[in-house]
Amino acid sequence: MTTKEHLGSIYAILSGFLYGFIGYFGISAMNGHLSASTMLFWRFLISSLVILVLLIPQLKKRTDTYKQMIGAFFTGVVYYGLSTWLYFVACQYISSGLSMVIFFTYPVLIMLINFFVYKQEIPKIYYLAIAVILIGMSLLVDMDDLSFNLWGILFGIISAFFYACYIIASKKNSISPGMSTLMVCLGCMVTSLAVSLVTDTFSIPASITVWMHLSGIAIIATVAPILLMLYSLKYISSEKASILSVLEPVFVVIFGILLLGESLPFLSAIGIALILAGALITLFSHKIRWDLVKLNWKRAEEL
């Protein structure tokens, strides 16, 4: 693995780490009597303002074209914005654990889209990594709170599909990461505001504590991880970045234990171990020979 690939992998892992704070800050903000869409609106508004302040010194030296900026904006409106909102919609029909498992099938969707649409060859070792990760994700689901609903499952799949499209579109857009983050956040803000107005749930936070939680989800769990993911896509493939970013639910569980006082069932601990194993397989895929893996698998079956 080259230095740039190492750097890209680190960015993707750090992105998943910071996304792990979404649960803590998001739930805390929504406990302040905010709907999901309203919370998302304020989240992306604050994110847009923060990234705009960071970009001011660079605006005069901007090399991004208006076409690239408009493309990134609509990526935020259609792909990232709808993906985020639909995830919360899915959670209203099925358990949050099942919604999470369905959403994190997006690396599989990325591989399928790249294979069938863009005719890209996918390293076979990635299929093993995905299988291990999906088994691990399924173990994170609380079986006592498990619910099946076709609408919830459908919304979860569509959410994953839109996020997969977002990752692919970001990989193919040559816009700078900073400007891309601004455009994506503005796009998501528009989508969230539209949903809040249509559902008549828009409100203004009245508590300083809620504003602090909104600032936390905007800066720590939005601006920073989006930037890191975009930087990672400069150095590694969209498939590899997406697989490494599935460490997010691991961090969500860990932060839930540390910050929200949640418990860790035994099966969930095994699930975390499997997800980490899948991420490690991806991280060191350049050192794994697929032919030897298949040979050892065949020998194990014969025994």
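Residues numbered from 1 in each chain as written. Predicted model: local features only at pLDDT ≥ 70, side-chain atom pairs only at ≥ 80, totals over all residues. Heavy atoms only, no water.

**Things to note about the overall build of the protein**
1) Next: Check the secondary structure of the protein and you find 14 helices and zero strands.
2) Next: In sequence order, the protein lays out its α and β elements as α-α-α-α-α-α-α-α-α-α-α-α-α-α.
3) Next: The buried share of the protein, taken over its 303 residues, is 49%.
4) Next: By sequence separation, contacts in the protein at least 24 residues apart represent 89% of the contacts at least 6 residues apart. (Helix = DSSP H or I, 4+ residues; strand = E, 2+ residues; numbered from the N terminus. Buried < 20%, exposed > 50% of the residue type's maximum accessible area, 1.4 Å probe, protein only. Contact = heavy atoms within 4.5 Å.)

**Focus on the environment of W211**
1) Next: Inspection of the secondary structure puts W211 in helix α10 (residues 208–232).
2) Next: Those residues in contact with W211 that sit more than four places away from it in its chain are W42, I46, I204 and P205.
3) Next: A polar contact is formed between the side chain of W211 and the backbone oxygen of P205, at a distance of 3.2 Å. (Polar contact = N/O pair within 3.5 Å; in protein donor to acceptor, adjacent residues only side chain to side chain.)

**Describing the packing of aromatic side chains**
1) Next: By the definition in use, this model includes 26 aromatic pairs.
2) Next: Ring centres of Y11 and Y231 lie 5.9 Å apart, and the angle between their planes is 45°; on these two criteria the pair is classed as tilted. Remark: Y231 occurs in helix α10 and Y11 occurs in helix α1 (residues 3–19); sequence separation between them is 220 residues.
3) Next: Classification of Y231 by relative accessible area gives partly exposed; the value is 36%.
4) Next: The structure contains a cluster of three or more aromatic residues connected by ring pairs, namely F44, Y80, Y87, F88, F103, F104, Y106, Y163 and Y166.
5) Next: In this structure, R62 is placed above the aromatic ring of Y66, and the distance from its NZ or CZ to the ring centre is 5.1 Å.
6) Next: Geometry around Y118 places K172 over its ring, the cationic atom sitting 4.0 Å from the centre. (Phe/Tyr/Trp six-rings, centres within 6.5 Å; stacked < 30°, edge-to-face > 60°. Lys NZ or Arg CZ within 6 Å of the ring centre and 35° of its normal.)

**Some remarks on the side chain of S196**
1) Next: Mapped onto the elements of the fold, S196 is located in helix α9 (residues 177–198).
2) Next: What S196 contacts, discounting residues up to four positions off in sequence, is S37, T38, T201 and F202.

**Some thoughts on the packing of α9 against α10**
1) Next: Across the interface, α9 lies against α10 with an axial gap of 9 Å and an inter-helix angle of 130°. By the criterion of interaxial angle, the relationship of α9 to α10 is oblique. The way α9 lies across α10 gives a crossing that is right-handed. Here α9 contributes P177, G178, S180, T181 and C185 to the contact with α10, which in turn contributes T222, V223, I226, L227, L230 and Y231.
2) Next: Looking at side-chain class alone, the contact of α9 with α10 contains seven nonpolar, four polar and no charged residues. (Axes fitted to C-alpha atoms, helices over the stretch in contact; angles between N-to-C directions. Parallel < 35°, antiparallel > 145°, perpendicular 65-115°, else oblique. Left-handed = near helix turned anticlockwise from the far one by under 90°. Nonpolar A, V, L, I, M, F, W, Y, C, P; charged D, E, K, R; others polar.)

**What to know about unusual backbone geometry**
1) Next: With a phi angle near 65°, H33 is a residue other than glycine that sits in the positive phi range.
2) Next: Relative to the assigned elements, H33 resides in the loop between α2 (22–30) and α3 (36–55).

**Quick notes on the confidence of the model for the protein**
1) Next: When pLDDT is averaged along the protein, the result is 85, and 90% of the positions lie at 70 or above.
2) Next: For the protein, per-element mean pLDDT is lowest for helix α14 (residues 290–302), which scores 56, and highest for α9, which scores 95. (pLDDT = per-residue confidence, 0-100.)

**Thoughts on the nonpolar core**
1) Next: Judged by nonpolar contacts, the single largest core of 69 residues is most densely connected at Y80, Y106, M137, Y163, Y166 and L214.
2) Next: The element that contributes the greatest number of residues to this core is α10, accounting for nine residues.
3) Next: With residues near it in sequence (within four places) discarded, Y80 still touches Y19, R43, F44, T75, Y163, Y166, V184, C188 and I226.
4) Next: Listed in part, the 10 residues of the second largest apolar core include I51, M69, I175 and L227. (Core = buried A, V, L, I, M, F, W, Y, C linked by side-chain atoms within 4.5 Å.)

**A look at helix α7 (residues 124–139)**
1) Next: The first and last C-alpha atoms of α7 sit 24 Å apart over 16 residues, in line with the 22 Å expected at 1.5 Å per residue.
2) Next: What α7 keeps buried is the set I125, Y126, A129, I130, V132, I133, G136 and M137. One side of α7 carries all its buried residues, which in axial view fall inside an arc of 170°. (Expected span 1.5 Å × (residues − 1). Arc of directions from axis to C-beta.)

**A short note on the side chain of T38**
1) Next: If you trace the backbone, T38 turns up in helix α3.
2) Next: There is a polar contact of 2.9 Å between the side chain of T38 and the backbone oxygen of T201.
3) Next: Discounting chain neighbours no more than four positions away, the residues touching T38 are S196, T201, F202 and S203.

**Examining α9**
1) Next: Between its first and last C-alpha atoms α9 spans 32 Å; for 22 residues at 1.5 Å apiece the expected length is 32 Å, and the two agree.
2) Next: Most of α9 is tucked away: 16 of the 22 residues are buried.
3) Next: After α9 finishes, the residue D200 shows a positive phi value of roughly 55°.

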